[in-house]
Amino acid sequence: MADITAATVMKLRKMTGQGMMDCKKALQETNGDLDEAMTLLRKKGLATMEKRSGRDTGEGRVVTRTDANTTILASLCCETDFVAKNDDFIALSEKMLDYVAACDCENGQKLEDVELNGEKFSELITVLVSKTGEKTEVGDCAKFTVGDNSYVGTYIHFNNKVAGMVEIECDSADTANSTEIKEIANGVCMHITAAKPEALNKEDFDKEELAKEEAIARDQVKDKPANIIDKIVEGKINKMLSERCLVNQKYVVNEDMTVEEAVNAAAKAAGGTASIKRFARIEIA
């Protein structure tokens, strides 16, 4: 068996972030080979992930970043709040943003498979798991790339577990960059985190779900006079949409207007026009 020096153990510890005893044991098992010892420690992480694969990951951290005209919102999930506040976990959640930026999410590429500087994100997760002993996985992510006439706002709640992102499309770059649009975008993002909209508007609402709701509403009023059934059903559907579609919801900052009306008012104050183009909501639960 090779002589394992304290310097070698320290070197492996700096390379992997593992404990001294774990590093020494790995070196002993690999006859002092640093590369093989690193591989062994990574395998330990994989074994930990497999053993804990059925565990819930209801904790974690949502992160965001804007680079030029692209804004990213993403979450990294773990088992406990203790690990979510760990420096290594926080560092990986921030590094994850680089991988999201490089990920072709829209065409189905998995973030775990993205490789940067010779390392897949899945490998970085394995290294972290080998340190924390806790299941860690990618949550949700969203990436908005916009033109000059749009503004993207984001908001992350103080617990770092729920966040909103919205793109407001305007008539001009001046309107998009106005204080009024930036303020309403922030407000709408806070609204999204609190109100949990399911769709942007009726057109974006799930067609099967809408048909189901219409069938339920029609069944509820089947005994009413035939000439008023359609009007009653329409009223019920509009009420449902006002509760579940972002633009139709009562704005949480000012419930005297809908979200759409609040955006219109902000754009008018900025001297232009605007509308919400899309939004995203991420929650770790």
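Conventions we followed
Residues numbered from 1 in each chain as written. Predicted model: local features only at pLDDT ≥ 70, side-chain atom pairs only at ≥ 80, totals over all residues. Heavy atoms only, no water. UniProt positions renumbered as here; feature names shortened; annotations may be inferred. Helix = DSSP H or I, 4+ residues; strand = E, 2+ residues; numbered from the N terminus. Pairing = 2+ DSSP bridges. Axes fitted to C-alpha atoms, helices over the stretch in contact; angles between N-to-C directions. Contact = heavy atoms within 4.5 Å. Phe/Tyr/Trp six-rings, centres within 6.5 Å; stacked < 30°, edge-to-face > 60°. Buried < 20%, exposed > 50% of the residue type's maximum accessible area, 1.4 Å probe, protein only. Lys NZ or Arg CZ within 6 Å of the ring centre and 35° of its normal. Parallel < 35°, antiparallel > 145°, perpendicular 65-115°, else oblique. Left-handed = near helix turned anticlockwise from the far one by under 90°. Nonpolar A, V, L, I, M, F, W, Y, C, P; charged D, E, K, R; others polar. Polar contact = N/O pair within 3.5 Å; in protein donor to acceptor, adjacent residues only side chain to side chain. Salt bridge = Lys/Arg side-chain N within 4 Å of Asp/Glu carboxyl O.

- The name an unreviewed UniProt entry gives the protein chain is Elongation factor Ts, with Limihaloglobus sulfuriphilus as the organism.
- Note on the protein chain: under the UniProt heading Function (unreviewed entry), the record states "Associates with the EF-Tu.GDP complex and induces the exchange of GDP to GTP. It remains bound to the aminoacyl-tRNA.EF-Tu.GTP complex up to the GTP hydrolysis stage on the ribosome."
- The record in UniProt for the protein chain states the following under Sequence similarities (unreviewed entry): "Belongs to the EF-Ts family."

Brief notes about the UniProt feature "domain: Translation elongation factor EFTs/EF1B dimerisation" (unreviewed entry) in the protein chain
Thought 1: UniProt tags residues 73-284 as "domain: Translation elongation factor EFTs/EF1B dimerisation" (unreviewed entry).
Thought 2: End-to-end, the C-alpha atoms of residues 73-284 are 13 Å apart, and along that stretch the chain is 46% helix and 22% strand.

Quick look at the sheet that holds strand β8 (residues 274-283)
Thought 1: The antiparallel open sheet is built from three strands, whose spatial order is β6-β7-β8. Edge strands, defined here as strands with exactly one partner in the open sheet, are β6 (150-156) and β8. The average undirected angle you get between the axes of adjacent strands in this sheet is 15°.
Thought 2: The sheet contacts of helix α8 (residues 179-195) involve β6, β7 (162-170) and β8, and relative to β7 the element is tilted by about 140°.
Thought 3: Lying on the sheet, helix α11 (residues 259-269) is in contact with β7 and β8; it crosses β8 at an angle near 125°.

So, the packing of aromatic side chains
Thought 1: The final tally for this structure, using the stated rule, is one aromatic pair.
Thought 2: With a centroid separation of 5.0 Å and 50° between ring planes, the pair formed by Y99 and F121 is classed as tilted. Of this pair, Y99 sits in helix α5 (residues 87-102) while F121 sits in helix α6 (residues 121-132), and the two are 22 residues apart along the sequence.
Thought 3: Taking the relative accessible area as the measure of exposure, Y99 reaches 1% and is therefore buried.
Thought 4: Given the relative accessible area of 0%, F121 is considered buried.
Thought 5: Over the aromatic face of F144 sits the side chain of R278, whose NZ or CZ is 4.1 Å from the ring centroid.

Quick word on the environment of E169
Thought 1: Mapped onto the elements, E169 comes out in strand β7.
Thought 2: Looking at E169, the relative accessible area reads 34%, which means it is partly exposed.
Thought 3: With 97 residues separating them in the primary sequence, E169 and A266 have C-alpha atoms 12 Å apart.
Thought 4: Once residues lying within four places of it in the same chain are set aside, the contact partners of E169 are N149, S150, T273, A274, S275 and K277.

A short note on the packing of helix α9 (residues 207-220) against helix α10 (residues 226-244)
Thought 1: For the pair α9 and α10, the least separation of the axes is 9 Å and the interaxial angle reads 135°. Between α9 and α10, the interaxial angle falls into the category oblique. Crossing of α9 against α10: the hand is right-handed. For the pair α9 and α10, the contacting residues are E209, L210, E213, E214, A217, R218 and Q220 in the first and I229, D230, V233, K236, I237, M240, L241 and R244 in the second.
Thought 2: Class assignment for the residues of the contact of α9 with α10 results in seven nonpolar, one polar and seven charged.

Some thoughts on the side chain of S178
Thought 1: Within the element layout of this structure, S178 appears in the loop between α7 (173-176) and α8.
Thought 2: Engagement of the side chain of S178 in a polar contact is seen with the backbone oxygen of T175, the distance being 2.7 Å.

What about the pattern of salt bridges?
Thought 1: Counted by the stated rule, this structure contains 15 salt bridges.
Thought 2: Taking the shortest distance from any N to any O, the salt bridge between R278 and E167 comes out at 2.6 Å. Taken together, the residues R278 in strand β8 and E167 in strand β7 connect sequence positions 111 residues apart.
Thought 3: Using a relative accessible area of 25% as the deciding quantity, one classes R278 as partly exposed.
Thought 4: The class of E167 is buried, set by a relative accessible area of 2%.
Thought 5: Salt bridges sharing common partners tie together E198, E209, E213 and R244.

Structural notes on the pairing of strand β2 (residues 70-78)
Thought 1: For β2, the buried fraction is high: nine of the nine residues fall into the buried class.
Thought 2: Residues T70, I72, A74, L76 and C78 of β2 are buried on one face, and the alternating residues T71, L73, S75 and C77, pointing to the opposite face, are buried as well.
Thought 3: Pairing geometry for strand β1 (residues 59-67) and β2, over nine bridges, is antiparallel. By the bridge assignment for β2, D67 is matched with T70.
Thought 4: Hairpin geometry of β1 and β2 is characterised by an intervening segment of two residues between the two adjacent antiparallel strands and by a positive phi of about 55° at A68.
Thought 5: Sheet analysis places β2 next to strand β5 (residues 136-145), joined by eight bridges and oriented antiparallel. Its bridge partner lying in β5, L76 is registered against V138.

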